[in-house]
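What follows is the residue order along each chain.
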Amino acid sequence: MKGCMLAAVAPVAQACLALPGELFAECPLPHDGTALTTAVEPVVDSSRYFVVRVEDRESRKHAFVGVGFRERNDASDFAAALDDYRQYLRRKQEAEEMREEFTKLKTAAGGEDGAAAAGLDLSLKPGQTIHINLSSSLKRCGSGKQNSSSSSTSGSGSGAAPPQLKLAPP
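A brief structural summary. Computed from a predicted structure; not experimentally measured.

### Some remarks on the overall build of the chain
Here is step 1: For the chain, the count of helices and strands is three helices and eight strands.
Here is step 2: The linear arrangement of helices and strands in the chain, starting from the amino end, is β-β-β-β-β-β-α-α-β-α-β.
Here is step 3: A total of 170 residues make up the chain; the buried ones form 15% of that total.
Here is step 4: In the chain, of all internal contacts separated by at least 6 residues, the share reaching a separation of at least 24 is 31%.
Here is step 5: Accessible surface, the chain as shown: approximately 13400 Å² in total, 55% of it carbon and sulfur.

### A look at the packing of aromatic side chains
Here is step 1: The tally for this structure, following the rule as stated, stands at four aromatic pairs.
Here is step 2: Consider the rings of Phe69 and Phe78, whose centres lie 5.5 Å apart with planes at 40°: the pair is tilted. Phe78 shares its class with Phe69; the two are buried.
Here is step 3: Cluster of aromatic residues (ring-pair linked, three or more members): Phe50, Phe69 and Phe78.

### A closer look at the pairing of strand S5 (residues 49-55)
Here is step 1: Taken together, the three bridges between strand S4 (residues 40-42) and S5 define a ladder with antiparallel strand orientation. The residue bridging Pro42 from the neighbouring strand is Phe50, located in S5.
Here is step 2: Pairing of S5 with strand S6 (residues 62-68) involves seven bridges; the strand directions are antiparallel. Residue pairing across strands places Val54 opposite Ala63, the latter belonging to S6.
Here is step 3: Adjacent in sequence and paired antiparallel, S5 and S6 are bridged by six residues, among which Arg60 carries a positive phi angle near 60°.

### Quick look at unusual backbone geometry
Here is step 1: Non-glycine residue Arg60 carries a positive phi angle of around 60°.
Here is step 2: Note that Arg60 resides in the loop between S5 and S6.
Here is step 3: Looking at Arg60, the relative accessible area reads 54%, which means it is exposed.

### Comments concerning the pattern of salt bridges
Here is step 1: The tally for this structure, following the rule as stated, stands at six salt bridges.
Here is step 2: A salt bridge links Asp83 to Arg86; its shortest N-O distance comes to 2.5 Å. On the criterion of helical spacing, the pair formed by Asp83 and Arg86 is a turn pair, its members being three residues apart in helix H1 (residues 72-108).
Here is step 3: For Asp83, a relative accessible area of 37% translates into the label partly exposed.
Here is step 4: The residue Glu94 makes a salt bridge to Arg90 at a minimum N-O spacing of 3.2 Å. Residue Glu94 and its partner Arg90 are located together in helix H1, separated by four residues, close to a single helical turn.
Here is step 5: For Glu94, a relative accessible area of 37% gives the class partly exposed.
Here is step 6: When its relative accessible area of 39% is taken as the criterion, Arg90 is described as partly exposed.
Here is step 7: Salt bridges here are not isolated pairs; linked through shared partners, they connect Arg53, Glu55 and Arg60.

### Here we look at a nonpolar patch on the surface
Here is step 1: Taken together, the side chains of Leu124, Ile130, Ile132 and Leu134 make up a nonpolar region of the molecular surface, amounting to roughly 500 Å² of accessible area.
Here is step 2: Among the secondary structure elements, Leu134 is positioned in the loop between helix H2 (114-117) and strand S7 (139-140).
Here is step 3: Among the residues examined, Leu134 registers a relative accessible area of 78% and is labelled exposed.

### Considering the nonpolar core
Here is step 1: Cys27, Leu29, Val40, Phe50, Val52 and Phe78 are the most contacted members of the largest nonpolar core, which has 19 residues in total.
Here is step 2: Broken down by element, this core gets its largest block of residues, five residues, from H1.

Rules behind the numbers
Residues numbered from 1 in each chain as written. Predicted model: local features only at pLDDT ≥ 70, side-chain atom pairs only at ≥ 80, totals over all residues. Heavy atoms only, no water. Helix = DSSP H or I, 4+ residues; strand = E, 2+ residues; numbered from the N terminus. Buried < 20%, exposed > 50% of the residue type's maximum accessible area, 1.4 Å probe, protein only. Contact = heavy atoms within 4.5 Å. Areas by Shrake-Rupley, 256 points an atom, 1.4 Å probe, with all protein chains shown as cover. Phe/Tyr/Trp six-rings, centres within 6.5 Å; stacked < 30°, edge-to-face > 60°. Pairing = 2+ DSSP bridges. Salt bridge = Lys/Arg side-chain N within 4 Å of Asp/Glu carboxyl O. Patch = residues over 30% accessible without salt bridge, like charges linked within 9 Å, V, L, I, M, F, W, Y side chains within 5 Å. Core = buried A, V, L, I, M, F, W, Y, C linked by side-chain atoms within 4.5 Å.

Shape is all these values report; function is a separate question.
Next up, the structure:
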């Protein structure tokens, strides 16, 4: 393998720089809320070059290395992989915040489910009814009265003409 790749092994991801047959350097990507640009940062004047903070595993010494891609597609793939990792971290943080909020609500309600924890009882009480008014913007003509001439001229034989509807002007 020759080049640069982004590898994610839970919970740590790293950018690996490799030469044929061996690992040249690795750049651990932050997963603790630190900005991703502390490890990999695109240069200002080109979309194909990045500055990568490589780190030695044993001594924890680090150095900044410039990495350039010959093909723009390879560089955009690398940038897209970094963005995917950034979105993964953001979603993971949001999920953790939601989990903590739900746990707080659950303990406040005495261990009941989420709807009860939020203080919402949406069930109907015995004898309680709901009235739903389904109105339409279309107005009926005749309001239920049938015109005798329209019912006699309709060829359907049922004697009841369908109600006519008027549309409101635009």
